Amino acid sequence: MALIEFIDVGMTYQRRGGGETVALERTSLSIAPGEFICIVGPSGCGKTTLLHCLDGLQTPTSGRILIDGREITAPGRDRAMVFQSASLMPWRTVLRNITYGLDLQGVALREALPRAQKMIELVGLVGFEDRHPGELSGGMQQRVNLARALVIDPEVILLDEPFAALDAQTRELMQTELLRVWDETKKTAVFITHQISEAVYLADRVVVMSARPGNVKAIVPVPIARPRPASARRDPQMFAIESEIAALIEGSHTETVVSV
Amino acid sequence: MTQLTQTSGGLVTDDIPVPRRPPAARKGLLSQRSITQVISIIGGLALWELLARFAVHNTAFLAPPSLVAIRFYQMLRDGSLLFNGWVSFQELIGGFVIGVAAGIIIGAAMVQWKQVDDALEVWIAALYAAPIVALAPILIIWFGFGPWSKIAVVFIMVVFPMVICTQAGLESVDRRLLLVARSFCGSRWKTFLTVALPSAAPFIVSGMRQSVGRGLVGVVIGELFGAKAGLGNIITTASSVFDMPTLFVAVVTLALAGIILTGILRSFELRLAAWRDVA
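Scoring rules and cut-offs
Residues numbered from 1 in each chain as written. Chains lettered and ligands numbered in written order. Predicted model: local features only at pLDDT ≥ 70, side-chain atom pairs only at ≥ 80, totals over all residues. Helix = DSSP H or I, 4+ residues; strand = E, 2+ residues; numbered from the N terminus. Buried ≥ 20, exposed ≤ 12 C-beta atoms within 10 Å, placed from the backbone. Contact = placed C-beta atoms within 7 Å. Pairing = 2+ DSSP bridges. Axes fitted to C-alpha atoms, helices over the stretch in contact; angles between N-to-C directions. pLDDT = per-residue confidence, 0-100.

**Thoughts on the overall build of chain B**
Each helix and strand counted, chain B has twelve helices and zero strands in total. Going from the N terminus to the C terminus, chain B shows its helices and strands as α-α-α-α-α-α-α-α-α-α-α-α. Within the span of chain B, comprising 279 residues, buried residues form 34% of the whole. Nonlocal contacts in chain B, meaning residues at least 24 apart in sequence, comprise 75% of its contacts between residues at least 6 apart.

Rendered as structure tokens:
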């Protein structure tokens, strides 16, 4: 039984001065509970739009998105977003940034603080509770960003290219850390990226999207055993899947060039 | 499972955190800056003293600083300075607090509701730019010779810059933070309290710092047009009998109040903006 279902989801923007941009067209996808899904595709393929619709920040212009059989119309407590830029409140400490979602949802501080403290341990920020985001490195800010989403204990965690701004080494480390945290929490995860190797290392299934209009081009399973330590990156099977996806994306590029 | 514990190695330092900034170097009494300032003040006072003693000769036109200092001491001793200063201070604080509160509320309402903005924008712009102290005599007629007329003058001096600063602060909010609040199901009110207002806080305090000087001018203007006590009243009385030293005592006291109040708000502003520096 699928936890999340995209049914013919479409998104059309009205351009200023007339005309329309089709960001998503009749996109269908179903995601099982506990699954780690990565969505890759060239820029402008509507992957962020897809994620925002799933979070309820945007409403599709056609089609429906279901979670547990209920239609998504607004943000809900069963979903939490890890944003692309860490988007932390610069005036709040690390600890209070993590409690932010709980604060908004009216959870008493007495209950929120111990829960946040647990997340601090989970994401490896012990000793940094009272720092402000400006004092943290990019990688540590993203740990806070992740903890802020996890602490509300959602069913689904949505990640919008959270490691895009990090340097290559930090990025790989954060990926391994994310998998460790995910192994411990068993959330359903939907992760957006434009980096193929990141998608393959993290995902159970990689959704490859084509651009303009955005659409699901292919779904590639990654049957590599978990947990996946950092060394799993050098698995030859992983390279094979990566090149398969790269070929799919290049195909979509030439298609768009030809059709233009 | 063994592999899992292998990968979960507690704190993994992905990269080195930005170190805490060392506290700003304290301004020593003998720093280059303070030496220059002291020389400037002493030089200015000396020039004033020389002009008054050897060029003007008439204390009804210009009182030398030595005479002003003596009068300052006398007025402190007989309590007249503290009494009148306290009257003015209460009027200032009353008008300032009400003006700041109203300015924040009006500014916030203009950002939250488009119609309020459309309705008030022209009025705010006009009244902020206009020489609004010209209204002071009218306010004295409306509110009488007591403290309320001065509070009203301070209020109109303070409220318009506060509206403008609040507006600017609230409009500078990082859209991405608003998206975070929405994603976590934040209500409009909680989003305002947790995102918009803290973002605007440095702007609001900066607005307060700029308005405090305008408020001081407002108090004096209000008292000039009619008062029973206050520093403005001292100025009126002293000037009518050409008592320059007393007049200067009132002016110097106002200047000192301006320096102190601005300094307090400035340090508050720097503390609020501290997270901006490191961010």
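**A few points about unusual backbone geometry**
All names here are of chain A. R226 connects to P227 through a cis peptide bond whose omega is -5°. Note that P227 resides in the loop between β10 (215-221) and α8 (236-259). At E161, a position not held by glycine, the phi torsion is positive, near 45°. Structurally, the position occupied by E161 is in the loop between β7 (156-160) and α6 (168-185). Note on E161: 19 C-beta atoms within 10 Å, which makes it partly exposed.

**Some remarks on the environment of B:L45**
Residue and element names in this part refer to chain B. By the secondary structure assignment, L45 is in helix α2 (residues 32-56). Judged by C-beta crowding, with 15 C-beta atoms within 10 Å, L45 ranks as partly exposed. Distance from L45 to I260, taken between C-alpha atoms, is 20 Å for residues 215 residues apart in sequence.

**Details of the environment of A:E242**
All names here are of chain A. Within the element layout of this structure, E242 appears in helix α8. With 209 residues separating them along the chain, E242 and P33 place their C-alpha atoms 25 Å apart. Beyond its immediate stretch of four places on either side in the chain, E242 contacts I196, S197 and V200.

**Description of the sheet that holds β10(A)**
Strand-to-strand pairing in sheets goes through backbone hydrogen bonds, with the strands running parallel or antiparallel. All names here are of chain A. Read across the open sheet, the six strands follow the order β6-β7-β8-β3-β9-β10; overall the sheet is mixed. At either margin of the open sheet sits one strand with a lone partner, and together these are β6 (79-82) and β10. Neighbouring strand axes in the sheet, compared pairwise and without regard to direction, differ in orientation by 20° on average. Two elements, strand β3 (residues 36-40) and strand β9 (residues 205-210), share four bridges in a ladder whose sense is parallel. Directly across from I39, in β9, lies its bridge partner V207.

**Describing the confidence of the model for chain A**
Across chain A, the average pLDDT comes to 87, with 97% of residues at or above 70. When the criterion is pLDDT under 50, residues 254-260 of chain A qualifies, and its contacts beyond four places in sequence or with other chains add up to two contacts.

**A look at the sheet that holds strand β2 (residues 20-31) of chain A**
Residues and elements named next belong to chain A. One open sheet accounts for four strands, arranged β2-β1-β4-β5; its pairing is antiparallel. Of all the strands in the sheet, just β2 and β5 (70-71) have a single pairing partner and so form its edges. Where strand β1 (residues 4-14) and strand β4 (residues 62-67) come together, five bridges link them in antiparallel fashion. Looking at β4, one finds that E5 is bridged to L66.

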